[in-house]
Amino acid sequence: MISQLIFGILFVAAVVLFYKNASKIYRNIRLGKALDRSDRPGERLKTMLLVAFGQQKMFKRPIPALLHLFVYVGFCIINIEMLEIVIDGLFGTHRVLSVLGGFYNFLIYAFEILAFLVLAGCVVFMIRRNVLKVKRLNQSELNNWPKTDANLILTAEILLMAAFLFMNAADYKLQTLGAEHYHVAGAFPISSFLVPILPDSVSSLILIERFCWWFHIIGVLAFLNYLPISKHLHIILAFPNTYFSNLKPKGEFENMPAVTAEVQVMLDPSLPPPTGEPSRFGVKDVQDLTWKNLLDAYTCTECGRCTSACPANMTGKLLSPRKIMMDTRDRVEEVGKNIDANGSFTDDGKGLLDTYITREEIWACTSCNACVEQCPVNINPLEIIIGLRQYAVMEESQAPSSINNMFSNLENNGAPWKYSQADRANWTNQ
């Protein structure tokens, strides 16, 4: 009963803590402006199934995609066993689902194969990050915590899968020795190879089996509560993020309603003038972004596919679309903590622009959408960059000289070039 009580307390505490942290993230996402993404539900569901569940865009790079598939499918399916562990932990039973007979044997067999694939995939990922040092996984924005975060989660997954296999190996040996409460159940294609290195003492085997059992369940509960502070939150958020993807053509930009209304009145004076004042043109801070932009930030996997495809980054410019998303997430987290401390947001003299993202970064962007195309979970850094540019130009009248020259030419000549309209066709006379 003491073991069951301890398990129950740990389980409830982990679930409550996760709910509390998840609620804060939900609150932070809702700080963004309203945006309607409820249209075309059938197409949205298809996008989610293909991109998030089927990992369609991952397979543009087949080798890491296959390894990621092993880890993703394996870790998700193996945790189905958590149902049995929770029942056993609460009621003091052992392998309670073994009543399923042959199907249970098939499940454990499949779990072991997948656990081995997860372990192998995580080892290869560790080597890619820390030995081969793949460029997109070792850029400056990943220094310190982001790099540690990735290594921590890979290490945790390796340890959890190893504990699962050693637990099964000890259980299998106890079954063959006829130990009390360890009835014959399951099929063990991988852990059976670990049996020879285990001791023959029943008491030692029980100690190993129980230790691995507790290590596995506590590890999973700890992992659950690690997610809200980790990039691995994408395990959960990839599904809603892809469902609420922008279904419009990638090159289509959104017009500001306030600006559109003013232009319409200029073109047609019979229309009533717009009422009220827009709160802000463009984006200065995270509250000016939409809730989808903030969901994008929390969903970012920090994989760097966007940055590795960015032509500005390739040519040595400061822009990194991955950093744009990481900075946005860091800022909205800071705003959330400000709200927690003060009850409502109190101006801290900071903003997304300048404090986190520099002007050199936003003006380096070519608006080519390569980052949007490459993202495996349909994140859109370009929307944030364009919003920051709009604020710099329309609120502050600050833009690089080359941009200001273009604006002057548009105003005077009706085109970005310095030639008057009457001279545009002169090249044909050459």
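Scroll up to find the structure this text is about.
Residues numbered from 1 in each chain as written. Predicted model: local features only at pLDDT ≥ 70, side-chain atom pairs only at ≥ 80, totals over all residues. Heavy atoms only, no water.

**Section: the nonpolar core**
- In this structure, Leu319, Leu352 and Leu388 are the most contacted members of the largest nonpolar core, which totals 78 residues.
- Leaving out residues up to four positions away in the same chain, leucine 352 has contacts with Lys284, Asp285, Val286, Leu289, Asp327, Thr328, Arg331, Ile357, Ile384 and Leu388.
- With eight residues, the next largest nonpolar core counts Ala169, Ala179, Tyr182 and Leu205 among its residues. (Core = buried A, V, L, I, M, F, W, Y, C linked by side-chain atoms within 4.5 Å. Buried < 20%, exposed > 50% of the residue type's maximum accessible area, 1.4 Å probe, protein only. Contact = heavy atoms within 4.5 Å.)

**What to know about the packing of helix H10 (residues 291-299) against helix H13 (residues 321-342)**
- With their axes 8 Å apart at the nearest point, H10 and H13 run at an angle of 105 degrees to one another. In terms of their interaxial angle, H10 and H13 are classed as roughly perpendicular. Contacts from Asn293, Leu294, Asp296, Ala297 and Tyr298 in H10 reach Met325, Thr328, Arg329, Val332 and Glu333 in H13.
- Here the contact of H10 with H13 is composed, by residue class, of five nonpolar, two polar and three charged. (Axes fitted to C-alpha atoms, helices over the stretch in contact; angles between N-to-C directions. Helix = DSSP H or I, 4+ residues; strand = E, 2+ residues; numbered from the N terminus. Parallel < 35°, antiparallel > 145°, perpendicular 65-115°, else oblique. Nonpolar A, V, L, I, M, F, W, Y, C, P; charged D, E, K, R; others polar.)

**Side note on the pattern of salt bridges**
- As enumerated under the stated definition, the model contains 22 salt bridges in all.
- Two residues, glutamate 373 and lysine 250, come together in a salt bridge whose shortest N-O distance is 3.5 Å. Taken together, the residues glutamate 373 in helix H16 (residues 370-374) and lysine 250 in the loop between helix H8 (234-243) and helix H9 (257-267) connect sequence positions 123 residues apart. (Salt bridge = Lys/Arg side-chain N within 4 Å of Asp/Glu carboxyl O.)

**Brief notes about the packing of helix H4 (residues 81-91) against helix H7 (residues 202-226)**
- Orientation of H4 relative to H7, taken along the N-to-C sense of each, is 115 degrees, at an axis distance of 11 Å. Considering their axes alone, H4 and H7 lie roughly perpendicular with respect to each other. Where H4 crosses over H7, the two elements pack in a sense that is left-handed. When H4 is examined against H7, the residues Met82, Ile85, Asp88 and Gly89 are found in contact with a partner set consisting of Trp213, His216, Ile217 and Val220. (Left-handed = near helix turned anticlockwise from the far one by under 90°.)

**Here we look at the packing of aromatic side chains**
- A complete count under the given rule lists 10 aromatic pairs for this structure.
- Ring geometry for tryptophan 145 versus tyrosine 226: centroids 6.3 Å apart, planes at 65 degrees, classification edge-to-face. Highlighted residues: tryptophan 145 in helix H6 (residues 145-177) and tyrosine 226 in helix H7, separated in sequence by 81 residues.
- Since its relative accessible area comes to 40%, tryptophan 145 is described here as partly exposed.
- With a centroid separation of 5.1 Å and 90 degrees between ring planes, the pair formed by tyrosine 243 and phenylalanine 244 is classed as edge-to-face.
- The class for phenylalanine 244 is partly exposed, based on a relative accessible area of 23%.
- One aromatic cluster in this structure is built from Phe7, Phe11, Trp213 and Trp214.
- It is arginine 210 that lies over the ring of tryptophan 213; its NZ or CZ is 4.7 Å from the centre. (Phe/Tyr/Trp six-rings, centres within 6.5 Å; stacked < 30°, edge-to-face > 60°. Lys NZ or Arg CZ within 6 Å of the ring centre and 35° of its normal.)

**A word on the environment of tryptophan 213**
- Positionally, tryptophan 213 belongs in helix H7.
- Here the alpha-carbon distance between tryptophan 213 and aspartate 288, two residues 75 residues apart in the chain, equals 47 Å.
- Contacts of tryptophan 213, omitting those with residues within four sequence positions, involve Phe7, Ile85, Asp88, Gly89 and Met167.

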